[in-house]
Amino acid sequence: MPFPSLARWLPFLAWPRPRRDLIQGEFWAGMTVGLMLVPQGVAYAALAGMPLVTGIYASLIPALVAVLFSSSTRLGVGPTALTSLLIGASLTGLAEPGSAQWVAMAAWMALLSGLLQLVMGLARFGWLLNLVTSPVLSGFTQAAALLILGSQLASLLGLRSDWGALLSTPSPGLFDLTAAAFGLGSLAILMLVRRWRPHFPAAILVVGAAGALSWALGYADAGGAVVGALPSGLPAPYWPGALPWSGFSALVMPVLVVTLVSFLETASSAKVESQRSGERWNENQDLIGQGLAKISSGLCGSFATSASFSRSAINLYAGAKSGWATLFAIALVLVVLLWLTPALYHVPQSVLAAVVVTAVTSLIKPGTLLRLWRLSRVEAVIGGVTFALTLVTAPRMYWGVLVGLLMNLSHFLYQRLHPRIIEVGLHPDGSLRDRHLWHLPPLAPQLLALRMDAELDFASASALERRVTEHLSAHPDVAHLCLLAQPINRIDVTGVETFANLLALLRSRGGTLHLSGLKLPVEQVLRQAGLLEAGTGLAMYRTDAEALMALQLLPARSSPAGAVA
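In this report, we go over the structure that sits alongside the text. (Residues numbered from 1 in each chain as written. Predicted model: local features only at pLDDT ≥ 70, side-chain atom pairs only at ≥ 80, totals over all residues. Heavy atoms only, no water.)

Moving on, we get to the overall build of the protein. In terms of regular secondary structure, the protein is built from 22 helices and eight strands. In terms of overall size, the protein is more extended than a compact globule, its C-alpha atoms giving a radius of gyration of 31 Å where 565 residues would be expected to give roughly 24 Å. Principal axes of the C-alpha set define a box for the protein whose edges measure 105 × 65 × 50 Å. Expressed as a percentage of contacts within the protein between residues at least 6 apart in sequence, the contacts between residues at least 24 apart total 80%. Carbon and sulfur atoms form 66% of the exposed surface of the protein, whose accessible area is close to 26000 Å². (Helix = DSSP H or I, 4+ residues; strand = E, 2+ residues; numbered from the N terminus. Rg over C-alpha atoms; globule rule 2.2 N^0.38 Å. Contact = heavy atoms within 4.5 Å. Areas by Shrake-Rupley, 256 points an atom, 1.4 Å probe, with all protein chains shown as cover.)

The following block contains the structure:
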């Protein structure tokens, strides 16, 4: 690999050199994705409340920046349904959709979200993504998909007014039947093609055919809702202007959620790519690449981008092996932007709604929460609360994610503060198991044998000390404590103090603290604390078998020192 040190920061230097066979395969993969990217970009711009041409802008320069600076080179970067919905929902009430103020605030969201991702990547903070569990992401995704569907129904059905007017005075005259025919017909074709040929770029063909039919029928001249005129040419450099403090504060939470959700979209696609390539996923470099892509999108006057799972899957299925395929897809978008935007003039807006609906229906999986309930009721409740709050708090959908994250972290802390501590006994098969669950006798008289399946740190130390002291208070004859320490792989200062307290307690009773299978990192810390010095009251064994042999030789005593008869 040329320039190995530079390739760490400039991943495109590690791309394979272009060969005839490679470029031929990359060309067709890029064409397949590019044919999907144009209609989806325009449709998602409408979902975000942005001028439609900005969807093409977001599919051009940001996609180029992302593929050059990301480690995952086969991702379909550009506008996505979830990110577009978050932008549109977050700006509702702050500006008029499509206005200059709306565009400026959307650009600021892209800039701030991109800057946050860039800083996280440079600081190697990709591990923070582990805080978002599958139930939280699933609950949010399901609710967001339903909200997207709801937002597109009026356009899909050609509703001329709002739903309130339809409910108060229902009348067929409230619908544009031609728009409904375009929308529902396009939806039916797209759904059928997705079922029988899921990787065929049907969207561009449906959009093109609908545009041609609309032109032939004179739909636009009759007052029908169409895409209309889109400016041609490359996007001009754009600066959204100063953001007042009130505007900044209103964007803080939406920016955080857009950053989180967009990169989780990237993660879901990148993990599939890394599994197929057999290479480790570099989440920090992808954070850098995606952050730079968002920044470039904002500077083009467009909105935040992300990695599309569907376009990424199609890119992989089409045989893409490197970033060259994405370059061909970008070239196709460039051709459309420079010369073919007039061809989109007559496309009915209901057809764009059909493209969005087709894309998001794959996100709706009604059985997800039921499967979660069978696996973990607590996590199913977390996913359900996230789902419900996302729906109820729309358009401020970020509350669902935030509450879900807080519930998940609270559940995690509860588990850490209540570790699994069992008293073990010898099972007839020779294994050490829960003595009370399996109704087993003690390992030895006057002995408490415990195993804690957790680290001995500030979160679990008090639970262990409480368990031991309560047992010794209830059983005055017990003088020995055996800790099966193999599951303990880390100890902190609080754990050291707890260990010292237990050792002193056993010595005061004239007994012994027995340690079995103590791991080296824990042993080193305890030795540095001077708690493993040879002397009375402490016995150490390398294996549980060695400990069992020694414990079974313990003599029974009528009343240990310090015990109350």
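Here we take up the packing of helix α4 (residues 61-69) against helix α14 (residues 324-340). Each packed pair of helices is defined by two parameters, the angle between the axes and the distance between the axes. In contact at an axis separation of 10 Å, α4 and α14 are set at 170° when each is read in the N-to-C sense. Relative to α14, the element α4 is oriented roughly antiparallel. Contacts between α4 and α14 involve Ala63, Leu64 and Val67 from the former and Thr326, Leu327 and Ile330 from the latter. Partitioned by chemical class, the residues of the contact of α4 with α14 number five nonpolar, one polar and no charged. (Axes fitted to C-alpha atoms, helices over the stretch in contact; angles between N-to-C directions. Parallel < 35°, antiparallel > 145°, perpendicular 65-115°, else oblique. Nonpolar A, V, L, I, M, F, W, Y, C, P; charged D, E, K, R; others polar.)

Let us look at the pairing of strand β7 (residues 512-516). Where burial is concerned, most of β7 is hidden: five out of the five residues are buried. Neither face of β7 is left uncovered, since the one carrying Thr512, His514 and Ser516 and the one carrying Leu513 and Leu515 both have all their residues buried. By the bridge criterion, five bridges tie strand β6 (residues 480-484) to β7 in an arrangement that is parallel. Residue Leu483 lies in a different strand from β7, and its bridge partner there is Leu515. Note that the unit made of β6, helix α20 (residues 493-508) and β7 has a crossover that is right-handed. (Buried < 20%, exposed > 50% of the residue type's maximum accessible area, 1.4 Å probe, protein only. Pairing = 2+ DSSP bridges. Right-handed = clockwise from strand over helix to strand, strands pointing away.)

The biggest cluster of nonpolar side chains holds 96 residues, and the ones touching the most others in it are Ile87, Leu91, Phe140, Ile148 and Phe303. Within the second largest apolar cluster, 30 residues are counted, among which are Val468, Leu472, Leu483 and Leu526. (Core = buried A, V, L, I, M, F, W, Y, C linked by side-chain atoms within 4.5 Å.)

Once that is clear, we can look at the sheet that holds strand β4 (residues 432-434). Strand pairing in a sheet relies on backbone hydrogen bonds. The paired strands run either parallel or antiparallel. Pairing in this open sheet of six strands is mixed, and the strands run β4-β3-β5-β6-β7-β8 from one edge to the other. The outermost strands of the open sheet, each flanked by one partner alone, are β4 and β8 (538-541). In this sheet, neighbouring strand axes are inclined to one another by 30° on average, regardless of whether the strands run parallel or antiparallel.

The next thing to look at is the packing of aromatic side chains. According to the stated counting rule, one finds ten aromatic pairs in the structure shown. With centroids separated by 5.1 Å and ring planes inclined at 80°, the aromatic side chains of Phe27 and Trp28 adopt a geometry described as edge-to-face. A relative accessible area of 29% places Phe27 in the partly exposed class. Since its relative accessible area comes to 55%, Trp28 is described here as exposed. Ring centres of Phe182 and Tyr219 lie 5.7 Å apart, and the angle between their planes is 55°; this geometry places the pair in the tilted category. (Phe/Tyr/Trp six-rings, centres within 6.5 Å; stacked < 30°, edge-to-face > 60°.)

Enumeration according to the criterion identifies eleven salt bridges in this entry. Note that Arg451 is salt-bridged to Asp453, the shortest N-O span being 3.2 Å. Look at the salt bridges and you will find they share partners, linking Arg416, Glu455, Asp457 and Arg490 into a network. (Salt bridge = Lys/Arg side-chain N within 4 Å of Asp/Glu carboxyl O.)

With that settled, the discussion passes to helix α19 (residues 461-474). Taking 1.5 Å as the rise per residue, α19 with 14 residues should run 20 Å; its terminal C-alpha atoms sit 20 Å apart, in good agreement. For α19, the full list of buried residues reads Ala461, Ala463, Leu464, Val468, His471 and Leu472. Of the surrounding elements, those touching the buried residues of α19 are α18 (398-417), β3 (421-426), β5 (447-452), β6 and α20. (Expected span 1.5 Å × (residues − 1).)

Attention now goes to the pairing of β6. Burial analysis of β6 places five of its five residues in the buried class, which makes it a mostly covered element. Residues His480, Cys482 and Leu484 point to one face of β6 and Leu481 and Leu483 to the other, with burial holding for every one of them. Here β5 pairs with β6 via four bridges, running parallel. Pairing of Ala449 across the sheet is with Cys482, part of β6.

Turning our eyes to something else, we now look at the side chain of Thr341. Of note, Thr341 is situated in the loop between α14 and α15 (349-361). A polar contact is formed between the side chain of Thr341 and the side chain of Ser232, at a distance of 2.7 Å. Setting aside residues no more than four positions away along its own chain, Thr341 makes contact with Ile56, Leu230, Pro231, Ser232 and Val336. (Polar contact = N/O pair within 3.5 Å; in protein donor to acceptor, adjacent residues only side chain to side chain.)

Once that is clear, we can look at the packing of helix α17 (residues 377-392) against α18. Orientation of α17 relative to α18, taken along the N-to-C sense of each, is 160°, at an axis distance of 7 Å. Between α17 and α18, the crossing angle belongs to the class labelled roughly antiparallel. Crossing handedness for the pair α17 and α18: right-handed. Of α18, the residues touching α17 (which contributes Val378, Val381, Ile382, Val385, Thr386, Leu389 and Thr390) are Trp399, Gly400, Val401, Val403, Gly404, Met407, Asn408 and His411. Grouping the constituent residues of the contact of α17 with α18 by class yields nine nonpolar, six polar and no charged. (Left-handed = near helix turned anticlockwise from the far one by under 90°.)

To continue, consider helix α10 (residues 202-217). Helix length check: α10 (16 residues) gives 22 Å between terminal C-alpha atoms against 22 Å at 1.5 Å per residue, within 8%. Inspection of α10 places Ala202, Ala203, Val206, Val207, Ala210, Gly211 and Ser214 among the buried residues, and these make up the whole buried set. The buried residues of α10 occupy an angular sector of 160° when the element is viewed end-on, so they sit on one face. Set apart from the buried face of α10 by more than 90 degrees, the exposed residues are Trp215 and Ala216. (Arc of directions from axis to C-beta.)

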